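Read off the chains here:
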Amino acid sequence: MKNIAVLEGDGISDEVLSSAIKVLDSVSKTYNLDFKYNYYPIGGRAYELSGVPLPDNTVQGALESDAVLLGAVGDWKYDSLEPHLRPEKALLGIRKKLNLFANLRPVKIFDELLFSSPLKEEIAKNTDIMIVRELTGDVYFGEPRGITTEVIEGKKVRVGFNNMIYNELEIERIAHVAFKSALKRRKKVCLVDKANVLDVSRLFREVTLEVSKQYKDVELSFMYVDNCAMQLVSNPRQFDVILTGNIFGDILSDEASTICGSLGMLPSASLSDSKTPFMYEPIHGSAPDIAGKNIVNPIAAILSGAMMLEYSFNQTKASQSIYNAVKEVLKEGYRTKDIYQQNDKLVSTTQITDLIVNRIKVE
Ligand code: IPM
Ligand code: MG
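**Student:** Please provide a residue-by-residue account of the domain arrangement of the chain, values included.
**Tutor:** What the domain assignment reports for the chain is domain 1 (1-110 + 263-363) and domain 2 (118-128 + 137-260). A C-alpha centroid distance of 24 Å is found between domain 1 and domain 2. Listed as interface residues are 14 residues of domain 1 and, on the opposing side, 16 residues of domain 2. Buried area between domain 1 and domain 2, summed over both chains or domains, comes out near 1,600 Å², and the portion from carbon and sulfur atoms is 67%. Three residues stand out in domain 1 for area buried against domain 2, namely Phe101, Val107 and Ile109, and they jointly supply 38% of the buried area on that side. Our count for the contact surface shared by domain 1 and domain 2 stands at zero salt bridges. Elements supplying a minimum of two residues to the side of domain 1 that touches domain 2: helix 4 (87-97) and strand 4 (102-108). Considering only residue class, the side of domain 1 that touches domain 2 consists of ten nonpolar, one polar and three charged.

Spelled out as C-alpha cells, the structure:
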C-alpha cells in the first residue's frame, strides 16, 4: 500500500483534487494498485484552522508519505496578512521542507487542442517541452531580504530587496536532472538565464557547462530569458528541455502553458534527492473567483496524478492510461469552459472527470 498525503488548500483546490483522486482510484482498480489518502490542510485553509499556513502536522504527514498531491493555495482575502502568514509562504515552505529542488513542468500540446491555443496552429503544433525549473533557491529564498528604510537625498525612504543567489552545488544537482531528462527525450538542453547582466547567471552557465561534459550525447545551448520569452511563442518546437532558475522558470512556465490552450492543462512534479517524497501539483493557482462553480478544468491535476504514477511509483503503463483517457475525451470533443470553442461539447468539472474515469483501461 502507498500512502499519499493530499494537501488541501484554497479556491478550486478541492474540486481539482477530488477529480485527480477519482481518476487515480479508477487506475488503481484497473492496475491493482493500493493507495491510501491522508488529508492535511495547507495555505489559507490551514491559517483559518490553526493560525499558520503550514502546520507542523501537515509537514510531518507529507514527510511520512510515499508521495504528496497538492491542489493550490492562495486567496485575495489573505493579501493583507503579514508575509509569513500568507498562503504562498506555505507552498514555498513545503517545497523547502521536502527539499524539492527540481520542478518538472511538461509543456505538451494535445493535437485536439490546437484550436484552443492562442498561437497559430502551425506554430503550436507538436510543442513538446520539458521545463526543468530549480525550485528551492534564487530570489525566492535568497537572504538578505526585506523592506527597510534608508536616507537618500536627505529623505528617509523605503527600500525593498531580495537576493538572487545560487551556489554551485545547487546548480550541479538541477543540471543533472535536466541532462538526465534530456537523455530520455530529444537530447537537447537549453539553459535560460540572464548571463549578459547577472553574475549568478554567469556561474549557472559555467557550472552547467562543466556538468554537460558527463553527458556527451546531450547538446547544450544557452539563451537569454528575454529572448526565450519571445522564442516560446514564435518557435516553441525548437525546445526540448529548458533548464532555468526559480524565478525565470515560474514566469516562462505560465507563458508556455498557454501554448497548450490553457493554464488548466499543465501538471508538474517536484523532485528531491529521493530521501524525501516527491510532490505533484497543477501549475495553475487557486482561482478563487471561479471556485465552487463546478466549471474548472481538472486536467492539470489529473495529469499531476499521472506524473506521480510515473515518477514516484514507476507505473509507466498506469500513468500512460491517464494520458490516453484524457486524449480520448478531448478527441470526442468534450471541453471545460477554459478550452471550449464553438461546436465543442461544454462539460463541467465533474462531468469531464467521469468521462476520463470511464476511459481508463489496461494499456
Ligand atoms: C507556481 C506558483 C508559485 C510560485 C506561487 C503561488 C508561490 O506561481 O507554482 O508557479 O511562484 O512558485
Ligand atoms: Mg507560477
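**Student:** Explain the packing of helix 1 (residues 13-31) against helix 11 (residues 316-331) to me, using residue names and the numbers behind them.
**Tutor:** Where helix 1 contacts helix 11, the two axes come as close as 10 Å, and the packing angle between them is 130°. Comparing the axis directions of helix 1 and helix 11 gives the class oblique. Helix 1 and helix 11 meet at a crossing whose hand is right-handed. When helix 1 is examined against helix 11, the residues Val23, Leu24, Val27 and Tyr31 are found in contact with a partner set consisting of Lys317, Ala318, Ser321 and Ile322. Broken down by class, the residue content of the contact of helix 1 with helix 11 amounts to six nonpolar, one polar and one charged.

**Student:** So what about the site of ligand 1? Which residues, and what values?
**Tutor:** Taken together, Glu88, Leu91, Arg95, Arg105, Arg133, Tyr140 and Asp250 make up the full set of residues adjacent to ligand 1. Measuring from an oxygen atom of ligand 1, one finds a side-chain N or O atom of arginine 105 at 2.9 Å. For ligand 1, an oxygen atom lies 2.9 Å from a polar atom in the side chain of aspartate 250. Summarising the interface, the protein chains cover 76% of the accessible area of ligand 1, which totals 320 Å² for the free molecule.

**Student:** A description of the sheet that holds strand 3 (residues 67-70) should follow, citing residues and the corresponding values.
**Tutor:** Read across the open sheet, the ten strands follow the order 2-1-3-12-11-4-5-10-8-9; overall the sheet is mixed. With partners counted over all chains shown, the strands left at the sheet margins are strand 2 (35-41) and strand 9 (219-224), one partner each. For this sheet, the mean angle separating the axes of adjacent strands, direction not counted, is 25°. Judged from the four bridges that link them, strand 8 (residues 188-193) and strand 10 (residues 241-244) form a sheet pairing that is parallel. Among the inter-strand pairings, valine 192 is bridged to a residue of strand 10, identified as threonine 244. Here helix 3 (residues 56-63) sits on the sheet and contacts strand 1 (2-8), strand 2 and strand 3; the angle it forms with strand 2, its principal contact strand, is near 160°. Most of the contacts of helix 6 (residues 168-183) go to strand 5 (residues 128-134), to which it runs at about 165°, and overall it touches strand 4, strand 5, strand 8, strand 9 and strand 10.

**Student:** Break down the environment of isoleucine 171 for me, citing the residues and quoting the values.
**Tutor:** Structurally, isoleucine 171 is set in helix 6. Relative accessible area serves as the criterion here: at 0%, isoleucine 171 is assigned to the buried category. Along the sequence, isoleucine 171 and phenylalanine 204 sit 33 residues apart, while their C-alpha atoms lie 6.2 Å from each other. Once you skip the residues sitting within four places of it in the chain, isoleucine 171 turns out to touch Tyr166, Leu203, Phe204, Val207 and Thr208.

Reading the values: rules and limits
Residues numbered from 1 in each chain as written. Chains lettered and ligands numbered in written order. Predicted model: local features only at pLDDT ≥ 70, side-chain atom pairs only at ≥ 80, totals over all residues. Heavy atoms only, no water. Domains from an automatic or database assignment. Contact = heavy atoms within 4.5 Å. Buried area = accessible area lost by both parts, 1.4 Å probe. Salt bridge = Lys/Arg side-chain N within 4 Å of Asp/Glu carboxyl O. Helix = DSSP H or I, 4+ residues; strand = E, 2+ residues; numbered from the N terminus. Nonpolar A, V, L, I, M, F, W, Y, C, P; charged D, E, K, R; others polar. Axes fitted to C-alpha atoms, helices over the stretch in contact; angles between N-to-C directions. Parallel < 35°, antiparallel > 145°, perpendicular 65-115°, else oblique. Left-handed = near helix turned anticlockwise from the far one by under 90°. Near = heavy atom within 4 Å. Polar contact = N/O pair within 3.5 Å; in protein donor to acceptor, adjacent residues only side chain to side chain. Areas by Shrake-Rupley, 256 points an atom, 1.4 Å probe, with all protein chains shown as cover. Pairing = 2+ DSSP bridges. Buried < 20%, exposed > 50% of the residue type's maximum accessible area, 1.4 Å probe, protein only.

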